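Inside the fold
So you can see what is in the structure, the chains are spelled out below.
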Amino acid sequence: MTTRATIHTEIEPNTSHSQPKITLPVLGMSCASCVGRVEKALARVDGVKNANVNLATERAEITLEKPIDTASLVLAIEDAGYEVPAHKLELAIDGMTCASCVARVEKALLTVPGVNAASVNLASERASVSAGAAVTEAGLVAAIASAGYQAQVVRGTGDDEAHAIRKQVEQNALARYVAIAAILTFPVFVLEMGSHLVPAIHHFVMTTIGMRESWYLQFALTTVVLFWPGLRFYRIGLPALAKGAPDMNSLVAVGTLAAWLYSVVASFAPHLLPVGTVNVYFEAAAVIVTLILLGRYLEARAKGRTSEAIKHLVGLQPKTARVHRDGEIVELPLSQIVTGDLLDLRPGERIAVDGEVVDGSSFVDESMLTGEPVPLEKASGAAVVGGTINQTGALTFRATAVGADTMLAQIVRMVEQAQWSKLPIQALVDRVTLWFVPAVMLVAALTFLVWAIFGPDPAITFALVNAVAVLIIACPCAMGLATPTSIMVGTGRGAEMGVLFRKGEALQSLKDARVVALDKTGTLTEGKPALTDLETADGFTRDAVLALVAAVEAKSEHPIARAIVEAAHAENLSLPELANFDSVTGYGVRAEAGGQRVEIGADRFMAKLGIDIAPFAATASRLAEDGKSPLYAAIDGKLAAIVAVADPIKPTTPAAISALHDLGLKVAMITGDNRRTAEAIARRLGIDRVVAEVLPDGKVAAIRDLKTEYGKLAFVGDGINDAPALAEADVGIAIGTGTDIAIEAADVVLMSGSLKGVPNAIALSKATIRNIRQNLFWAFAYNTALIPVAAGVLYPAFGLLLSPVLAAGAMAMSSVFVLGNALRLKRFRIPMSDDRQAQIQL
């Protein structure tokens, strides 16, 4: 799993005792001669004092005589036949307000030489950049600054916290500005609109203040509103317009300034305007700024809630822990804990880091990790995970993973990576929004001209009002927020359910799955043979037979034998002493246990011994239908029991498959078992398609065949040999209790070993994409419908015009609506809860 910002180019500062150094990764070296070639190539670059290349770490440390461009070092390494890999950086960006901002920042980043890919997320206000080693952080920040925005490189939690503090400060400032703007706008609105709507107010203004003086007062109050709380729109929007790259701030700035300037002329130089057009629109400008600031504030609050899942996960880890150091127990911050440290844990405390219990026993609540509510017992040798809650007892454990290597840190990284990603559905939005604002400004200009030329008197007034309404109504904020907010909330809700989307694209592709293919061992089943059946003949008791059989099988290393022995130990049975053990090749085993002759084997062994197995004919038939091969036990020459060992099906598997069928999916099983056993399991579970007797390297071919037959396919597996199949599937789903290799190859990870996460993940995928489509429909339908209305297309037929004030309110609420709709995903109800599982089992 990759870290959020892997910075491969490191520059050490110059001091009085050292010269500046640059460290670069180098790939492709295989021997000492490679090291020599790279060092010589670097030494030839002007400005390099010396170069030291380490083959083991695959890094080159270059000491400089003078500042030089990193690109020249990269070029020298590449000319020598080696590679300097790309690195990933994350940038926090301030100042983005709409989808056109996103497109502009991405465009600016992609113009930087060496940048391979850039993805900007409006909801999280982050940019993820993949770039060559020659690309510097300063170059990326400068490129973003040239587009009119501010950026900082994010390297870890400290930067995250700093960004969160900045956003909180901004939110508090917005709250203050909304209050100031509202207080100043209220009298402007009452003076102007009240005079139009309420005769008593008009009479009061005319007899006490006077119309002209009322306009002067409105001018003073509106000017303060526009150039104090509303200054942000002009400070960002006008420079963007001057660069030929207008954004939403430009729309607001042009619209409100046009209304304000017109009103100023009407107030102080009315003779410059045509007769009958002397009106003021101070209230429109002031109310527009106030409403848009209110929308921004509500949007900032809602955007903060979209990342609550990440904040919650990060907050699960305690700040300090009690560590054994130099014979004492001291409380240390997590940053000082290292692998191998011994840590003490009291009841009720959260576990600080991943580790292994060395002393004590307790129950630990791991629901934050797996979604399973039942606490797990932990004793010496058990693994514990940072962020989980110790419940009843005291534990001492040894740290096995700290910092970025802990399971919690990896979960946070996976969720963040999914939240940064862009879904294919976003491509259309990106193409549209890049040109949206310039197109709106063109429509506004055309609206002004048409009304000025063809409109009724006073034509200039109609032209101004309608052009301003077009500028204000057309904010593309909702377009930019439609997809990323749903992704953030959906992936966060998934993390709470124990379902981690490693790749955001899986959110979209998983909903299109038509068939779910399941590996059997470890996925459908427990992955470990266990004693499933033991039926005794008349005259024998279960415990006595199991103790004798287990005593004999204890001499065997066969998995079936181990399962029988473990069953006896689990039931606390005492095993008798053994003598004269003998393995009868192809038949079974025999020995004397506790003075009794015990023989265990298949039906052919019993036939060889002359023992009739007819009493167990019905049981044997039932076991065969279940795909189990029975064994028989004889004691002192008498048939004593029939025994079956199998890999038991997980308790949650039947209900999970039923839930998949409820979602309209076909279920296939891929296994290396013989067909008879596989089909018996499939019958019990209601599996639609069985692909049996498949060798590990045949799983990929089996998946291709299923994809051809059914369409989009999701594959669920947990083992090393499942990694190619997980990669081949349209969506690979790894059981989190499986191997790291399987998890790395997967698109989705189920943190619990339960298969119920599969229908939950698919249902969440469907709900998230449905939510995104609702948001996009609202965003596009809103603009498509209301821009023509704002332009005045309804006026000739119905005499209806859209006030700029109403346009501002509608625009502000469109973003809040999209965010509110996305936040509904926080209440997503999983289709397969523990309650349903319990009901099915009962």
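Counting starts from 1 at the beginning of each chain's written sequence and moves along it residue by residue. Given that this is a predicted model, residues contribute local features only at a pLDDT of at least 70 and side-chain atom pairs are listed and counted only at 80 or more, while totals for whole chains, interfaces and linings are drawn from all residues. Note that water and hydrogens are dropped before the side-chain values are worked out from all heavy atoms of the structure.

Section: the overall build of the chain
Here a strand is any run of E in DSSP of at least two residues, a helix any run of H or I of at least four, and the numbering for each starts at the N terminus. Of regular secondary structure, the chain possesses 31 helices and 30 strands. Classification of residues uses two cut-offs on accessible area relative to the type maximum, computed with a 1.4 Å probe and protein chains only: under 20% is buried, over 50% is exposed, and between them is partly exposed. Within the span of the chain, comprising 842 residues, buried residues form 53% of the whole. Pairs of residues are marked as contacts when any of their non-hydrogen atoms sit within 4.5 Å. The long-range fraction of contacts in the chain, counting pairs at least 24 apart against all pairs at least 6 apart in sequence, stands at 68%. Total accessible area on the chain stands at roughly 36300 Å², and carbon and sulfur atoms take up 58% of it. The protein chains shown are the only cover counted for residues, whose accessible areas, like all others here, come from Shrake-Rupley with a 1.4 Å probe.

A few points about the sheet that holds strand β19 (residues 515-519)
A sheet is described by the order of its strands in space; here seven strands give the open sequence β18-β30-β29-β28-β19-β26-β27, paired in mixed fashion. The sheet is open, and its two borders are formed by β18 (499-501) and β27 (689-691), each paired with just one other strand. The sheet shows a mean angle of 20 degrees between the axes of neighbouring strands, taken without regard to direction. One requirement defines pairing of two strands: DSSP has to find at least two bridges between them. Pairing geometry for β19 and strand β28 (residues 713-717), over four bridges, is parallel. Following the sheet pairing, Ala517 is matched in β28 by Phe715. Axis lines are fitted to C-alpha atoms, over the contacting stretch for helices. Their N-to-C directions set the angle, which ranges from 0 to 180 degrees.

Here's the deal with the confidence of the model for the chain
pLDDT expresses how confident the predictor is about each individual residue, on a scale running from 0 to 100. Model confidence for the chain is summarised by a mean pLDDT of 80, while 84% of its residues fall at 70 or above. Across residues 1-18, confidence stays below pLDDT 50; counting only partners more than four residues off in sequence or on other chains, it has 53 contacts. The low-confidence segment residues 834-842 (pLDDT under 50) makes 15 contacts with residues lying over four places distant or belonging to another chain.

As for the environment of Met211
As for its position among the elements, Met211 is in helix α7 (residues 211-227). As a C-alpha pair, Met211 and Leu191 span 20 residues in sequence and 9.4 Å in three-dimensional space.

So, helix α23 (residues 653-662)
Among the residues making up α23, those that are buried are Thr653, Ala655, Ala656, Ile657, Ala659 and Leu660. Remark: Gly664 follows α23 within two positions and exhibits a positive phi of approximately 85 degrees.

Structural notes on the UniProt feature "transmembrane region" (unreviewed entry) in the chain
Sequence positions flagged by UniProt for "transmembrane region" (unreviewed entry) are, in local numbering, residues 174-194, 214-231, 251-273, 279-298, 432-454, 460-483, 776-795 and 801-823. Helix makes up 85% of residues 776-795 and strand 0%, and the two end C-alpha atoms of the span are 28 Å apart. UniProt positions are given in the numbering used here, feature names are shortened, and annotations may be inferred rather than shown by experiment.

Comments concerning the sheet that holds strand β8 (residues 150-154)
Read from one edge to the other, the open sheet built from four strands follows the order β6-β7-β5-β8, with strand pairing classed as antiparallel. On the outer flanks of this sheet lie β6 (115-121) and β8, each paired with one strand and no other. Pairs of neighbouring strands in the sheet enclose a mean axial angle of 25 degrees, with direction left out of account. Of the strand pairs in this sheet, strand β5 (residues 87-94) and β8 are connected by five bridges, and their pairing is antiparallel. Each bridged residue has a counterpart across the sheet, and for Glu90 the counterpart in β8 is Val154. Sheet strands touched by helix α4 (residues 137-146): β5, β6, β7 (126-131) and β8. Its angle to β5, the strand with the most contacts, is close to 35 degrees.

Focus on the packing of aromatic side chains
Here a pair means two rings of Phe, Tyr or Trp (six-membered ring of Trp) with centres within 6.5 Å. Their orientation is stacked below 30 degrees between planes, edge-to-face above 60, and tilted elsewhere. Under the counting rule described, the total for this entry stands at eleven aromatic pairs. Look at Tyr587 and Phe605: their rings are 6.2 Å apart centre to centre, the planes differ by 50 degrees, and that puts the pair in the tilted class. Linking Tyr587 in the loop between β21 (578-584) and β22 (588-593) with Phe605 in helix α21 (residues 603-609), this pair joins segments that are 18 residues apart in sequence. With relative accessibility at 1%, the residue Phe605 sits in the buried group. Consider the rings of Trp778 and Phe817, whose centres lie 4.4 Å apart with planes at 35 degrees: the pair is tilted. Of the two residues, Trp778 is situated in helix α28 (residues 757-791) and Phe817 in helix α30 (residues 804-823); the sequence distance between them amounts to 39 residues. Two thresholds decide whether a charge sits over a ring: the Lys NZ or Arg CZ must be within 6 Å of the ring centre and within 35 degrees of the ring normal. Seen from the ring of Tyr587, Lys608 lies directly overhead, with NZ or CZ sitting 4.5 Å from the centre.

A short note on the side chain of Thr768
One can find Thr768 in helix α28. Judged by relative accessible area, which is 0%, Thr768 ranks as buried. Those residues in contact with Thr768, other than ones at most four positions away along the chain, are Ser486, Gly490, Leu507 and Leu825.

Notes on the pattern of salt bridges
Should a side-chain nitrogen of Lys or Arg be within 4 Å of a carboxyl oxygen of Asp or Glu, the pair is scored as a salt bridge. Evaluation of the coordinates by the stated rule reveals 14 salt bridges. Taking the shortest distance from any N to any O, the salt bridge between Lys511 and Asp512 comes out at 2.5 Å. With a relative accessible area of 23%, Asp512 lands in the partly exposed category. Between Asp533 and Arg622 there is a salt bridge, and its shortest N-O distance comes to 3.5 Å. Taken together, the residues span a long stretch of sequence, with Asp533 in strand β20 (residues 530-536) and Arg622 in helix α22 (residues 617-625) at a distance of 89 residues. One network of salt bridges, in which partners are shared, links Arg590, Arg597 and Glu599.

Thoughts on unusual backbone geometry
In the segment running from Asp457 into Pro458, the intervening peptide bond is cis, with an omega of -10 degrees. Mapped onto the elements, Pro458 comes out in the loop between α14 (426-454) and α15 (459-473). Unusually for a residue other than glycine, Asn572 sits at a positive phi of about 55 degrees. Mapping Asn572 onto the fold places it in the loop between α20 (559-570) and β21. Look at Glu693: it is not a glycine, yet its phi comes out positive at around 55 degrees.

Things to note about α15
Multiplying 1.5 Å by the residue count of a helix minus one yields the expected span of that helix. Here α15 contains 15 residues, and its C-alpha end-to-end distance of 21 Å stays within 8% of the 21 Å for a straight helix at 1.5 Å per residue. Burial within α15 is extensive, with 14 of its 15 residues counted as buried.

Looking at a nonpolar patch on the surface
Patch criteria: residues need more than 30% relative accessible area and no salt bridge. Like-charged residues are merged within 9 Å; nonpolar side chains of Val, Leu, Ile, Met, Phe, Trp and Tyr are merged within 5 Å. Together, Leu442, Leu446, Phe448, Leu449, Val450, Ile453 and Phe454 make up an exposed nonpolar region whose accessible area comes to about 730 Å². On the secondary structure map, Leu442 appears in helix α14. In this structure Leu442 comes out as exposed when scored by relative accessible area, which is 54%.

Description of the pairing of strand β13 (residues 362-365)
With three bridges joining them, β13 and strand β14 (residues 376-378) adopt antiparallel strand pairing. Note that in β14 the partner of Phe363 across the bridge is Glu377. Of the strand pairs in this sheet, β13 and strand β16 (residues 389-390) are connected by two bridges, and their pairing is antiparallel. Bridge pairing links Val364 to Asn390 in β16.

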